[in-house]
Amino acid sequence: APPGGLYSPGDPLVLLQVDTLESSVLNSSSAWLVEFYASWCGHCVHFAPIWRALAADIQEWSPAVNVAVVDCADIANQKMCGKFGITGFPTLKVNSVCFVPPTDPGDSIQNLRQSIITNLEMHKETWPPACPPLEPASVEEIRGFFQTNNVTYLALIFETNESFLGREVTLDMLQYENVAVRRVLSSEEELVKKYGVTAFPSSFLLINNGTFSRIPVQMEARSFYTHFLRRLPGVTRGPYMPTRAPDTPIKTTPIPRKPADRSKVYMADLESALHYALRVEVARFSVLTGERVRALKDFVAVLAKYFPGRPFVQNFLRSVDRWLRNVRGSRIPYSALKLVLTNRKEGQAPAVLSNNVTWVGCQGSEPHFRGYPCSLWTLFHLLTVQATRHHSGQKAEDPLEVLGAMRGYVQSFFGCRECAQHFEGMAAESMDKVRSVDEAALWLWSRHNRVNARLAGTATEDPQFPKLQWPPPELCHPCHSVVKRRQVWDEAAVLQFLKAYFSPINIFLNYTEPETALVVRRSREAKEGAGEWAMGFSGPRKPSIVRMNPKMQELEEDIVDLDSFSELHYKSKALKAAAVAANKGHQLSKRDTIPLLLADDSHQAFDYAAAWERLRQRGLGSKQLIGALEEDEGDTLRRSHWFRMLGVGFSHLDVSLCIILYFLSSMCLLGMYTFFRMRTRHRKGRPSFPTA
Ligand SMILES: Cc1cc2nc3c(=O)[nH]c(=O)nc-3n(C[C@H](O)[C@H](O)[C@H](O)COP(=O)(O)OP(=O)(O)OC[C@H]3O[C@@H](n4cnc5c(N)ncnc54)[C@H](O)[C@@H]3O)c2cc1C
């Protein structure tokens, strides 16, 4: 099993991967029933036992029908999932032979079984060769059956048109030799009369010696019929065995746990959310149209406005936002958007977003827990809180700006479709009652808690991260108060806590990729012509119609010049120190952070971290904490302002060139001075001529 997948080789189904999916499914003589899922999707986790049970239930239908799974969260499979048109999870499909529209994961196994048959029958023209005929038998067929078929037994199942029993038993007996099963409809009067059928369903066994009798079962049901037929003398199971890998223990390399503090927010989670949302979730749609274009524009606009990212990430978001604003019309091919989502330089500054997915605060105890949905919640809480800071003291024009963007994103792109439906239900119920940015932050907090309550104790809950009503008292004591012996939230305290928790000061850079590494990697990719994401796109960059706006031409520039390289070299020293410290899991001291601030003010977050620690050590309550954090943040910004003033616009190469020029011009002046002085002396020493 791929690490993190929800199924293992021991399950009675086929685990398809990018290299086996197409070859197995397309042009196959069988029908392939494939579940496309994402291991992080809660509903896929809930659905996995149902799918496993279905696979076990219809194991005998193979090779006519094979049950398989593909994990679309596995980077290697993402492109293939796109090719199969998968836009949400879980999606169930029968290969090109037949197609099952996404089925409600809540369906019982019986419903799923029946919908497979219905879908097979809907595509009769491409009937899989390995699949037996399932249509009702006619009088003529039964009359000459033993002349044309070399079997001892024929079981006739008399049933109504809506019943699936006959078709299910036919498929159940597919592997068995010397017996055939056919369904006869209650409307087939001649046969009904001939065998004296009085009840539907009921079954008769015809033998090739011309005798027949009613099949004696306690219940007219699938399992009773198959049990009886499989035990008839001379009936044997055929040589075909369903493909099933031997039960070998799964060897997965455990992902080392990154130490994370629950009271902190990690930039690695946020940047991973941005990468996954923009380059994986949106990429599932080869063309964005109508509502999706609007949703993407709104989402990127709030990111560009409020995301407190590192400067090169902010550049990235702003450049994507500018590009989207310039798109006219309501249609964007993803191939065009993909180019804009490429890491590059914008003018002199890098516009870069890591292509890595690294979960720190959102890391689960197993790979299929937490991850992307956790980071998406974190991102949107952060954005609602940033909006409150942006509009502090003044009324926001649109208090629903962030929530509306979230609603649009979740509706249009969030792969967990059931989650999206639930969220839409909550949004439709009360989102429009939100009147201020503070209320927006609280609305999201309370709705998230509703989801936590609904999911507590279910299969999606990571046992090491139980779903709590958040924040628990150990994170925010004042948030919990007791009124008439009942625990209630103090919403004012909650709001203050949210503002402190999701403040830039509480975002830690541990495990983020340093800017130098990102830019150098990007320039190498550009040189190699392989500017593609880990998700496996290929092919060189092409000009596109959507990108023809001349203003946007500069977005294409992605060559890293020598000057910025030298600049980055100096920054990298400080960044390396930071990365080493972060990987060791220790907090940088103030002494460590000052060179970082000098190198790049994006690394203020390290200083924020130190500030947060200092305040915590001082044991401040949540109200004091917020005031103190803001004071500290102001200090940091003031300090960094001076650092910025000192270094404004000059790279180290500029400074070196200045020094060299200064030195050369001094030497030149000195040379001229010496020359004129020597000449004067020489003249003075010569005999003068008498003047007239
Ligand atoms: C919009 C949306 C809808 C979803 N709907 C479903 C669904 O219907 N069914 C399903 O199975 N899964 C759903 N999920 C996924 C589910 O909510 C969790 O994200 C997932 O199970 C991972 O849980 P977690 O333990 O990492 O914590 P999460 O619930 O993802 O929380 C992430 C982090 O946010 C913080 N946090 C927790 N609660 C709050 C709060 N109330 N306010 C502010 N911050 C908080 C904590 O620091 C926590 O670690 C949904 C996800 C999203 C983004």
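Our subject is the structure that appears above.
What counts as what
Residues numbered from 1 in each chain as written. Predicted model: local features only at pLDDT ≥ 70, side-chain atom pairs only at ≥ 80, totals over all residues. Heavy atoms only, no water. Helix = DSSP H or I, 4+ residues; strand = E, 2+ residues; numbered from the N terminus. Buried < 20%, exposed > 50% of the residue type's maximum accessible area, 1.4 Å probe, protein only. Contact = heavy atoms within 4.5 Å. Areas by Shrake-Rupley, 256 points an atom, 1.4 Å probe, with all protein chains shown as cover. Pairing = 2+ DSSP bridges. Axes fitted to C-alpha atoms, helices over the stretch in contact; angles between N-to-C directions. Disulfide = S-S within 2.5 Å. Parallel < 35°, antiparallel > 145°, perpendicular 65-115°, else oblique. Left-handed = near helix turned anticlockwise from the far one by under 90°. Nonpolar A, V, L, I, M, F, W, Y, C, P; charged D, E, K, R; others polar. Phe/Tyr/Trp six-rings, centres within 6.5 Å; stacked < 30°, edge-to-face > 60°. Lys NZ or Arg CZ within 6 Å of the ring centre and 35° of its normal.

Some points on the overall build of the chain
A tally of helices and strands in the chain yields 24 helices and 18 strands. Looking at the chain residue by residue over its 692 residues, the buried ones come to 50%. Counting only contacts in the chain whose residues sit at least 6 apart along the sequence, the fraction spanning at least 24 positions is 74%. Accessible area of the chain: about 33700 Å², with a carbon and sulfur share of 57%.

What about the sheet that holds strand 1 (residues 14-15)?
Taken in spatial order, the four strands make up an open sheet running 1-3-2-4, and their pairing is mixed. A single partner strand is all that each edge strand has here, and the edge strands are strand 1 and strand 4 (91-94). Two elements, strand 2 (residues 31-37) and strand 3 (residues 65-71), share seven bridges in a ladder whose sense is parallel. From the neighbouring strand, L33 faces strand 3, where its bridge partner is V67. On the sheet, helix 1 (residues 18-25) packs against strand 1, strand 2 and strand 3 and is oriented at approximately 150 degrees with respect to strand 2. Lying over the sheet, helix 2 (residues 42-57) contacts strand 2, strand 3 and strand 4, oriented at roughly 160 degrees with respect to strand 2.

Digging into the state of the cysteines
According to the stated counting rule, one finds four disulfides in the structure shown. Here C72 pairs with C81 through a disulfide, and the sulfurs are 2.1 Å apart. Its S-S torsion of approximately -90 degrees makes the covalent link between C72 and C81 left-handed. For C72, a relative accessible area of 3% corresponds to the buried category. Note that C476 is cross-linked by a disulfide to C479, the S-S spacing being 2.0 Å. Between C476 and C479, the S-S torsion sits near 85 degrees, and that sign places the bridge as right-handed. Ordering the disulfide-forming cysteines of the chain by sequence position, one finds them joined as 1-2, 3-4, 5-6, 7-8.

Some words on the packing of helix 10 (residues 267-281) against helix 11 (residues 290-306)
Axes are the key here: two packed helices are described by the angle between their axes and the distance separating the axes. Across the interface, helix 10 lies against helix 11 with an axial gap of 12 Å and an inter-helix angle of 155 degrees. When the interaxial angle is binned, helix 10 and helix 11 end up roughly antiparallel. The way helix 10 lies across helix 11 gives a crossing that is left-handed. Of helix 11, the residues touching helix 10 (which contributes L274, A277 and L278) are L296, F299, V300 and L303. For the contact of helix 10 with helix 11, the class distribution of residues is seven nonpolar, no polar and no charged.

Things to note about the packing of aromatic side chains
Under the counting rule described, the total for this entry stands at 29 aromatic pairs. Measuring from ring centre to ring centre gives 6.5 Å for F204 and F212, while their planes differ by 55 degrees; the resulting arrangement is tilted. A relative accessible area of 42% places F212 in the partly exposed class. Three or more aromatic residues link up through ring pairs in this structure, and these residues are W40, F89, Y276, Y372 and F414. Positioned above the aromatic ring of F508, the side-chain terminus of K264 is 4.6 Å from the ring centre. One residue, R370, lies across the ring of F465, its end atom 4.0 Å from the ring centre.

A word on the packing of helix 10 against helix 12 (residues 311-326)
Between helix 10 and helix 12, the least distance of the axes is 13 Å, while the angle of their chain directions is 25 degrees. When the axes of helix 10 and helix 12 are compared, the pair comes out roughly parallel. The handedness of the crossing between helix 10 and helix 12 is left-handed. Residues E271, L274, L278 and R279 of helix 10 form the contact with helix 12, whose participating residues are V313, F316 and L317.

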